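A closer look at the structure
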Amino acid sequence: MTLTRLMKGSALSALAAAMAVTALPVEAQAQEWRERANEIKQQRQQSRQDRRGERREARQERRDNRSEARQQRSANRGDARPERRAERRSERRAERRGGIDDRVQRRVERRVAEDRGERRAERREDRRVERRVDRRADRYERNRTYRADRNATYRDQRRGDYRDQRRYDRRDTYRDQRRYDRRARYYDGRRWHDYDRWDHRRWRNNDRYNWNRYRYNNRNLYRLGRYYAPYRDYSYRRLNIGFRLGSLFFGSRYWINDPWQYRLPEVYGPYRWVRYYDDVLLVDIYSGEVVDVIHDFFW
């Protein structure tokens, strides 16, 4: 045990001695580098201080030169300064007086021009108002004369139209009555008979004229296109039995020539099936009376 410890202790001591021997040159080199760096730093600081001192001396020299030059100039012109100042003050006063006069004159001229322009504008406005009043008076007189003449013309025209219309109405009424009396009957070979009154309930109970079911199976047949009223500004009105139509509404262009095509009953005498928008009417063409009606018959 003692021998082992002695060998371990001697090895460690030898290792420490070797490390110490190798560390001595490294520390000496580091110390040398630090000293050199300090010397370089001191040299730089010294050079900066020298340059600052030189700049300071140059500035002071320039200040001295400027002050000497200023003193020299003031000494050269010191005698003529008061006289020049007095002359300049007098010139400025004269210029100021002349400028004031000129400003006053320009102000007066400007006011005169403004007054002249205002008076000219007032005259133009007065003339404009007078022309406007004259035009209104002329227009009123012209309209009044035209209105009086027009009313008189219209009144006379209406009177003449009313007389002519009454004359024509009496003539048409008499002619239609005679035609109805002559054609509203039929002759059986021995004597004249009057047409029976149309019964609008009896034919609807007959299945042979079931137009509703037939229309359901033949939809395209009931699409007749647009309806063109005989009057331009006329619009649809729902009509019922007993209403009397004008003759233009049941003209031949509106007749349904083949009623059985739409499963409607055949008509006789003065009766005709007539299209009225999407409705179908049975009209007495002698009197214009609506005898039967089916609303929304066509699509």
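Definitions and limits used
- Residues numbered from 1 in each chain as written.
- Predicted model: local features only at pLDDT ≥ 70, side-chain atom pairs only at ≥ 80, totals over all residues.
- Heavy atoms only, no water.
- Helix = DSSP H or I, 4+ residues; strand = E, 2+ residues; numbered from the N terminus.
- Buried < 20%, exposed > 50% of the residue type's maximum accessible area, 1.4 Å probe, protein only.
- Contact = heavy atoms within 4.5 Å.
- Areas by Shrake-Rupley, 256 points an atom, 1.4 Å probe, with all protein chains shown as cover.
- Patch = residues over 30% accessible without salt bridge, like charges linked within 9 Å, V, L, I, M, F, W, Y side chains within 5 Å.
- Salt bridge = Lys/Arg side-chain N within 4 Å of Asp/Glu carboxyl O.
- Lys, Arg positive; Asp, Glu negative; His and termini not counted.
- Charge placed at Lys NZ, Arg CZ, Asp CG, Glu CD.
- Pairing = 2+ DSSP bridges.
- Axes fitted to C-alpha atoms, helices over the stretch in contact; angles between N-to-C directions.
- Phe/Tyr/Trp six-rings, centres within 6.5 Å; stacked < 30°, edge-to-face > 60°.
- Core = buried A, V, L, I, M, F, W, Y, C linked by side-chain atoms within 4.5 Å.

Some words on the overall build of the protein chain
- From N to C terminus, the protein chain includes 3 helices and 5 strands.
- In the protein chain, the succession of helices and strands from N to C terminus is α-α-β-β-α-β-β-β.
- Here the protein chain holds 299 residues, and 16% of them are scored as buried.
- Taking the intrachain contacts of the protein chain between residues at least 6 apart in sequence as the baseline, contacts between residues at least 24 apart amount to 56%.
- Total accessible area on the protein chain stands at roughly 25500 Å², and carbon and sulfur atoms take up 46% of it.

Here's the deal with a positive patch on the surface
- Judged by side-chain charge, Arg 44, Arg 48, Arg 51, Arg 52, Arg 55, Arg 56, Arg 59, Arg 62, Arg 63, Arg 66, Arg 70 and Arg 73 come together as a positively charged surface patch.
- As for its position among the elements, Arg 66 is in helix H1 (residues 2–76).

Concerning the pattern of salt bridges
- Tallied over the full model, the rule gives 2 salt bridges.
- For Arg 128, the salt bridge identified is with Glu 125, shortest N-O distance 2.4 Å. Residue Arg 128 and its partner Glu 125 are both found in helix H2 (residues 81–183); the two are separated by 3 residues, about one turn of the helix.
- Accessibility expressed as a relative area gives 36% for Arg 128, which makes it partly exposed.
- Of the charged contacts, one joins Arg 204 and Asp 292 as a salt bridge, the two residues approaching to 3.1 Å between their closest N and O atoms. Separated by 88 residues along the polypeptide, Arg 204 in the loop between strand E2 (192–194) and helix H3 (211–217) and Asp 292 in strand E5 (residues 289–294) bring together distant segments of the chain.
- Taking the relative accessible area as the measure of exposure, Arg 204 reaches 36% and is therefore partly exposed.
- Take Asp 292: its relative accessible area is 1%, and that puts it in the buried class.

Some words on the side chain of Arg 215
- You can see Arg 215 is positioned in helix H3.
- Lacking a salt bridge, the buried Arg 215 has Asp 296 as its closest oppositely charged neighbour, with an N-O distance of 7.5 Å.

Some points on the pairing of strand E4 (residues 279–284)
- The element E4 is extensively covered by neighbouring structure, given that 6 of its 6 residues are classed as buried.
- The alternating pattern of E4 places Asp 279, Leu 281 and Val 283 and Val 280, Leu 282 and Asp 284 on opposite faces, both of which are buried.
- As paired strands, strand E3 (residues 271–276) and E4 are joined by 6 bridges and run antiparallel to one another. Counted as the bridge partner of Tyr 271 is Asp 284 from E4.
- Two successive antiparallel strands, E3 and E4, enclose a turn made up of 2 residues, where Tyr 277 displays a positive phi of approximately 55°.
- Looking at chain direction, E4 and E5 are connected through 5 bridges and run antiparallel. Residue pairing for E5: Val 280 is matched across the bridge by Ile 294.
- Counted between consecutive antiparallel strands, the loop separating E4 from E5 contains 4 residues, among which Gly 288 sits at a positive phi close to 80°.

Details of the sheet that holds E4
- The strand order across the open sheet built from 3 strands is E3-E4-E5, with neighbouring strands paired in antiparallel fashion. Both outer strands of the open sheet, E3 and E5, are each paired with one neighbouring strand and no more. Averaged over all pairs of adjacent strands, the angle between their axes in this sheet comes to 30°, without regard to strand direction.

Side note on the packing of aromatic side chains
- Tallying each qualifying case throughout the model produces 20 aromatic pairs.
- Relative to Tyr 277, the ring of Tyr 236 has its centre 5.3 Å away and its plane inclined at 80°; by these criteria the two rings are edge-to-face. You can see Tyr 236 sitting in the loop between H3 and E3 and its partner Tyr 277 sitting in the loop between E3 and E4, a full 41 residues away along the chain.
- According to the relative accessible area criterion, Tyr 236 is partly exposed, its value standing at 36%.

Looking at the nonpolar core
- Counting 16 residues, the largest nonpolar core has Trp 203, Leu 264, Trp 273, Val 280 and Phe 297 as the members making the most contacts within it.
- Elements that contribute at least two residues to this core include exactly E3, E4 and E5.
- Each residue touching Trp 203, except ones within four places of it in the same chain, is listed here: Trp 198, Tyr 209, Trp 211, Leu 264, Pro 265, Trp 273, Asp 292 and Ile 294.
- The next biggest cluster of nonpolar side chains, apart from the first, holds 15 residues, and it includes Leu 245, Leu 281, Tyr 286 and Val 293.

Structural measurements only, silent on function.
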